[in-house]
Amino acid sequence: MLRGVARRSPRPLTVACATCSVRCMMSDEQAASEKELADFRATLEGRDDMVRRARAAGLSKNRIHVLSGIARTTIDRIINGES
């Protein structure tokens, strides 16, 4: 077998497989993991606003760093509008 060459499936797909979406074949554990990752992404998307609100409320850069785990240089970029 050549490297980098995809192998064909040993069995052809049936009509039932072709009409079923990937999501419906997903296990409960997989669905829960996908939801958890989507929730995490939503949290990350609000990160910059959260840092700006914390700074406006009077929290120091170091305190924001300690509580959030965000690097101080990243906090500087967010506060200065570079991010």
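Residues numbered from 1 in each chain as written. Predicted model: local features only at pLDDT ≥ 70, side-chain atom pairs only at ≥ 80, totals over all residues. Heavy atoms only, no water.

1. Topic: helix 3 (residues 47-56)
Line of reasoning, step 1. Here helix 3 has its buried residues at Asp48, Val51 and Ala54. Projected down its long axis, helix 3 carries its buried residues within an arc of 130°, all on one side. Turned more than 90 degrees away from the buried face of helix 3, the exposed residues are Arg53 and Ala56.
Line of reasoning, step 2. On its buried side, helix 3 packs onto helix 4 (61-68) and helix 5 (72-79).
Line of reasoning, step 3. Backbone geometry just after helix 3 places Gly58 at a positive phi near 105°. (Buried < 20%, exposed > 50% of the residue type's maximum accessible area, 1.4 Å probe, protein only. Helix = DSSP H or I, 4+ residues; strand = E, 2+ residues; numbered from the N terminus. Arc of directions from axis to C-beta. Contact = heavy atoms within 4.5 Å.)

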